[in-house]
Amino acid sequence: VKKNGKNGYRFYSSDLNNKLQDRIELEAHLRKALAANEFFLHYQPQVRAANNELIGVEALVRWQHPSRGVISPGVFIPIAEETGIIYELGTWVLREACRQMKEWHMAGGPRIPISVNLSSQQFHQANLGAHIHSILEETGLEPQYLELEITESMMMDPAVSNSILSELSEYGIRLSLDDFGTGYSSLSYLKLLPVQKLKIDRSFIRDITENPNDKAIVATIVSMAKHLNMDVIAEGIETKEQLDILMDNDCQKIQGYYYSKPLPAKELEALFFASREK
Ligand code: C2E
Ligand code: CA
Ligand code: CA
Ligand code: CA
């Protein structure tokens, strides 16, 4: 700490202190961001490769910071988790995603589900099942049109219990295992969990055209999903070459830049609901 004539004590501008300072500022601001309406959602299409049909969208949160521009969730979700802000933020995301999908349904858009990412922290919330159910009632979205994405690594958290997942599932809400293949847990839990879908992680797709191991892993996940009677989707598809390999391996459901980046609601409507009467 260095004495500064005008402003009192200040940190030396070492890298670590800069990062700390940055983090402290973000955290302080994050607390006010919800009330200031600075969060918004983008929607990334999920497509059936055979006919380019839109089969779902994933809601992805962004933060419009007043001075720093748009901040990505990779930066602020971890801070929101550590500070407990994730409860309110997660509720906002769920409500906004359900509201938007209901609005699209009402406007004659395709009857597709919306996928929402959950943080393991949200499972520490009391009555998560009843809470999500009340959001569905409030927004009017039928439960089968909400898909919750949980990650394999979240299974390590005892709060993410089979009973809460079963409760969600009994409401008719769908569950999907995100980033599948990147966790270290045993596969035996797959047959125990009320999860209907596996989402193949982007890390297996990135080099799939050159890396036979990645290709083998993807083929194995797809075939395992089939045998377990689960749905499967691949994320992070960016090129035609990657798409062709996925299709050759019987993975029909695709999410990735090849089709579209995550889009603002209006842009998604313009691109994908074009045939709808205005
Ligand atoms: P995720 O759930 O695995 O989401 C996919 C991420 O990959 C998104 O990044 C998306 O923009 C990006 N992506 C999609 N297609 C491609 C592609 O073809 N190539 C590449 N390179 N990237 C692609 P994003 O939006 O920055 O989100 C990052 C992570 O932040 C998400 O990873 C998710 O874990 C978390 N996240 C986002 N929104 C929420 C939210 O509302 N709640 C919670 N708890 N987490 C969220
Ligand atoms: Ca996800
Ligand atoms: Ca993912
Ligand atoms: Ca991820």
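Note on numbering: residues in each chain are counted from 1, in written sequence order. Here the convention is simple: chains get letters from A, ligands get numbers from 1, in the order in which they are written. Residues qualify for local features only when their pLDDT is at least 70, as the model is predicted, and side-chain atom pairs are given and counted only at 80 or more; totals for whole chains, interfaces and linings, by contrast, use all residues. For side-chain calculations, the full set of non-hydrogen atoms in the structure is used, while hydrogens and water are omitted.

**Student:** Quick question: what am I supposed to make of the coordination of the calcium ion (ligand 4) here?
**Tutor:** Ideal geometry at a metal centre: 109.5 degrees between donors when four sit tetrahedrally, and 90 or 180 degrees when six sit octahedrally. Coordinating donors are taken to be N, O and S atoms lying within 2.8 Å of the metal, or within 3.2 Å when the metal is Na, K or Ca; because water is excluded from the atom set, some sites may appear incomplete. Every protein donor of the calcium ion (ligand 4) is listed here as Asp179 (OD) and Asp179 (OD), and their distances to the metal cover 2.7 to 3.0 Å. Each helix is a run of DSSP H or I of at least 4 residues and each strand a run of E of at least 2, with the numbering of both proceeding from the N terminus. Mapped onto the fold, aspartate 179 is located in strand E8 (residues 174-180).

**Student:** Is there a simple way to think about the coordination of the calcium ion (ligand 3) in this case?
**Tutor:** Donor atoms from the polypeptide that coordinate the calcium ion (ligand 3) comprise Asp178 (OD), Asp179 (OD), Glu235 (OE) and Glu235 (OE), at 2.1 to 2.8 Å from the metal. We note that the donor set of the calcium ion (ligand 3) lies within a single chain, spaced as D-D-x55-E. In this structure, the calcium ion (ligand 3) is positioned 4.0 Å from the calcium ion (ligand 2), and both are ligated by aspartate 178. On the criterion of sequence distance, the pair formed by aspartate 179 in strand E8 and glutamate 235 in strand E10 (residues 231-235) is long-range, its members being 56 residues apart.

**Student:** Help me understand the packing of helix H3 (residues 86-106) against helix H4 (residues 128-139), please; the structure alone is not making it clear to me.
**Tutor:** The packing of two helices is summarised by the inter-axis angle and the distance between the axes. Helix axes are fitted only over the stretch in contact, all axes being lines through C-alpha atoms; the angle between N-to-C directions runs from 0 to 180 degrees. H4 packs onto H3 with a crossing angle of 35 degrees between their chain directions and a minimal axis gap of 9 Å. The element H3 and its partner H4 pack so that their crossing is right-handed. Residues Thr91, Leu94, Arg95, Cys98, Arg99 and Lys102 of H3 pack against His131, Ile132, Ile135, Leu136, Glu138 and Thr139 of H4. Each residue receives one of three labels: charged for Asp, Glu, Lys and Arg, nonpolar for Ala, Val, Leu, Ile, Met, Phe, Trp, Tyr, Cys and Pro, and polar for the others, Gly being one of them. Classifying every residue of the contact of H3 with H4 gives five nonpolar, three polar and four charged. It is the rotation of the near helix from the far one that decides the hand of a crossing: anticlockwise by less than a right angle makes it left-handed, clockwise makes it right-handed. Whether two residues are in contact is decided by their heavy atoms: any pair within 4.5 Å suffices.

**Student:** Just to check I follow, could you spell out the site of ligand 1 for this structure?
**Tutor:** We call a residue near a given molecule or strand whenever any one of its heavy atoms falls within 4 Å of it. Inspection of the region around ligand 1 gives 21 residues, with Gln44, Arg62, Arg202, Glu238 and Tyr257 positioned closest. Here a polar contact is recorded for every N or O atom pair within 3.5 Å, except that within protein the pair must consist of a potential hydrogen donor and a potential acceptor, and residues adjacent in sequence are included only if both atoms are side-chain atoms. Within the contact set of ligand 1, an oxygen atom lies 3.0 Å away from a side-chain nitrogen or oxygen of asparagine 117. One of the side-chain N or O atoms of arginine 202 is found 2.8 Å from an oxygen atom in ligand 1. Of all the secondary structure elements, the ones that give two or more residues to the shell around ligand 1 are strand E4 (53-65), helix H2 (73-83) and E8. Per element, the largest residue contribution to the shell around ligand 1 is four residues, and it comes from E4. For the shell around ligand 1, the residue count by class is nine nonpolar, five polar and seven charged.

**Student:** What am I meant to see in the packing of H4 against helix H5 (residues 162-171) here?
**Tutor:** Viewed as axis vectors pointing N to C, H4 and H5 meet at an angle of 25 degrees, and their least axial separation amounts to 9 Å. For the element pair H4 / H5, the angle class is roughly parallel. Regarding H4 and H5, the two cross each other, and that crossing is right-handed. Side by side, H4 and H5 meet where Leu128, Gly129, Ala130, Ile132 and His133 of the first sit next to Ile164, Glu167, Leu168 and Tyr171 of the second. The labels follow the angle: roughly parallel below 35 degrees, roughly antiparallel above 145, roughly perpendicular from 65 to 115, and oblique for the rest.

**Student:** Would you explain the pattern of salt bridges in this entry?
**Tutor:** A side chain of one charge can pair with a side chain of the opposite charge when the charged atoms of the two come close. For this analysis, a salt bridge means a side-chain nitrogen from Lys or Arg found within 4 Å of a carboxyl oxygen belonging to Asp or Glu. Applying the stated criterion across every chain, the model contains 21 salt bridges. For glutamate 147, the salt bridge goes to arginine 174, with nearest N and O atoms at 3.6 Å. Here glutamate 147 is found in strand E7 (residues 146-151), whereas its partner arginine 174 is found in strand E8, with 27 residues between them in sequence. Shared partners join several salt bridges into a network, and the residues in it are Glu147, Arg174, Lys197, Asp231 and Lys253.

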